[in-house]
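# An overview of the molecular structure
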Amino acid sequence: MFASLKVRNYRLFFMGQVVSNIGTWMQRIAQDWLVLSLTGSSAAVGITTALQFLPMLLFGLYGGVLVDRLRKRPTLLVTQSAMALTALALAVLTLSGHVQVWHVYVAAFAMGLATVMDNPARQSFVSELVGRDQLQNAVSLNSANFQSARLVGPAVAGLMITGVGTGWAFLANGLSFVAPLSCLLLMRARELHTVQRAPRGKGQLREGLHYVAGRPELIWTITLVGFIGTFGFNFPVFLSAFADDVFHAGAGAYSLFNTLMAVGSLAGALLAARRGTARLRVLIAAALGFGALEIVASTAPELWLFALLMVPIGVFSMTVNVTANTSIQMSTDPAMRGRVMALYMMVFLGGSPVGAPIVGWVTDTYGARVGFAAGGAVAATAALVIGLVLARVGNLRLSVGWHRGHPQVRFVPRERREALAPAA
């Protein structure tokens, strides 16, 4: 489960990200709650989320082209420094009492601009740290790292918000970037796995799009993640509305929801680290389960039941995330990985500028329960339709039968269907 940590460079990368991710989660919670406090609007929270991911939607593909051309470690030093300065600027405004909602909007957009290159650079840098043999394990541990921080960050942010105010959470995030910057500088360049960089040239963006379009396992996986990321993963909108409007429980409940979801997400990431392969059928099943659980959670009558449902939602959401990420990286040539991962992150994160305001409007107009259920319905429907498309592309058919006394439903090659029929 932890094989990649034997690699010194990856171990440094992992440790730096632990600290930085805790700060990132603190800022996310503080940012959402600050906007809700300033405006009282779920739609405003959605706008903040949209602005943070809008740069990825607009410039994500160009960021991938640049990442394929540049060395990853110097790129990350620049992007991480930019995000640190943005967090510190927001901390100063908030602690001085001068913060306004448009300041938060600008800070969210600035963070998004840095993310345009930071995300594909971090995703593709992992293969340089551990090589192809350990790639899936390292990707899964990265997700476990992020979710472990999610256990600590929201809890600390909740205490800070209620105790001393949101500004201190922003300050803590800005200072947390010292850890990843130091760890990047301590890495041994000679131990990195050499990956051929793409030369400067015309048509590289178009080349990346053609590469993805010609591979069904890439294009349909990215499409599925796009639907889920756009409509199902708008947790800042959903959870803040449930904490404030449905259960009237305040920032503590919002922090609790995020923490319990992180427990499930951490479990999902560790389970993914144990698996030897990233199968598309696991992705489809997890996406269906995720959508169904969101619909169920939307009907929860009590706070404690809603909170408990955050755990399995976290498991399924992380299974979708890790399986899609690993599958795409393992299926992509190293020279194209920056562009492909940029497209993946653009669709996954960049869908929020489209989905978050829509989901926020539905939540404000029809209530948090309807908004949450609608997001789950879109995710489940997309999983079902794309699962059927992939089955058709792969020449598969649905097989229903019995195995060792238990019902079994699975996709099998068409030529095997007749052989399996008598056993049913």
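Quick notes on the rules
Residues numbered from 1 in each chain as written. Predicted model: local features only at pLDDT ≥ 70, side-chain atom pairs only at ≥ 80, totals over all residues. Heavy atoms only, no water. Core = buried A, V, L, I, M, F, W, Y, C linked by side-chain atoms within 4.5 Å. Buried < 20%, exposed > 50% of the residue type's maximum accessible area, 1.4 Å probe, protein only. Helix = DSSP H or I, 4+ residues; strand = E, 2+ residues; numbered from the N terminus. Contact = heavy atoms within 4.5 Å. Axes fitted to C-alpha atoms, helices over the stretch in contact; angles between N-to-C directions. Left-handed = near helix turned anticlockwise from the far one by under 90°. Nonpolar A, V, L, I, M, F, W, Y, C, P; charged D, E, K, R; others polar. Polar contact = N/O pair within 3.5 Å; in protein donor to acceptor, adjacent residues only side chain to side chain. Patch = residues over 30% accessible without salt bridge, like charges linked within 9 Å, V, L, I, M, F, W, Y side chains within 5 Å. Areas by Shrake-Rupley, 256 points an atom, 1.4 Å probe, with all protein chains shown as cover. Salt bridge = Lys/Arg side-chain N within 4 Å of Asp/Glu carboxyl O. Phe/Tyr/Trp six-rings, centres within 6.5 Å; stacked < 30°, edge-to-face > 60°. Lys NZ or Arg CZ within 6 Å of the ring centre and 35° of its normal.

Looking at an unreviewed UniProt entry, one finds the protein chain named MFS transporter, with Streptomyces hyderabadensis as its source organism.

Moving on, we get to the nonpolar core. As a rule of thumb, nonpolar side chains are buried together in soluble globular proteins. The biggest cluster of nonpolar side chains holds 75 residues, and the ones touching the most others in it are L224, F235, F257, F306, M310, I313 and F372. The biggest single contributor to this core is helix α13 (residues 303–330), with 8 residues. Once you skip the residues sitting within four places of it in the chain, F306 turns out to touch L239, F242, F247, F257, A297, A300 and F372.

A separate point is the packing of helix α2 (residues 42–69) against helix α4 (residues 101–130). Contact geometry of α2 with α4 gives a least axis separation of 7 Å together with a crossing angle of 35°. Crossing angle aside, the handedness with which α2 passes α4 is right-handed. Taken together, the residues that form the contact of α2 with α4 break down as 18 nonpolar, 8 polar and no charged.

Another point: the side chain of T86. Within the fold, T86 resides in helix α3 (residues 72–95). The buried category is assigned to T86, whose relative accessible area is 13%. Side-chain polar atoms of T86 contact the backbone oxygen of A82, separated by 3.0 Å. With sequence-adjacent residues up to four places away left out, T86 is seen in contact with A107, A110 and M111.

On the surface, a nonpolar cluster with roughly 620 Å² of combined accessible area is contributed by L57, L58, F59, Y62, L113, V354 and I358. Mapped onto the nonpolar patch, the elements with two or more residues apiece are α2 and α15 (352–366). Ranked by residues supplied to the nonpolar patch, first place goes to α2 with 4 residues. Here L57 lies in helix α2.

The final tally for this structure, using the stated rule, is 16 aromatic pairs. Ring geometry for F247 and F257: centres 6.5 Å apart, planes at 65°, overall edge-to-face. With a gap of 10 residues between them, F247 in the loop between α10 (235–246) and α11 (250–274) and F257 in helix α11 connect regions that are remote in the sequence. When the ring of W361 is compared with that of Y366, the centres are 5.8 Å apart and the planes differ by 85°; the resulting orientation is edge-to-face. Among the residues examined, Y366 registers a relative accessible area of 54% and is labelled exposed. Sitting over the ring of W25, R28 keeps its end group 4.8 Å from the ring centre.

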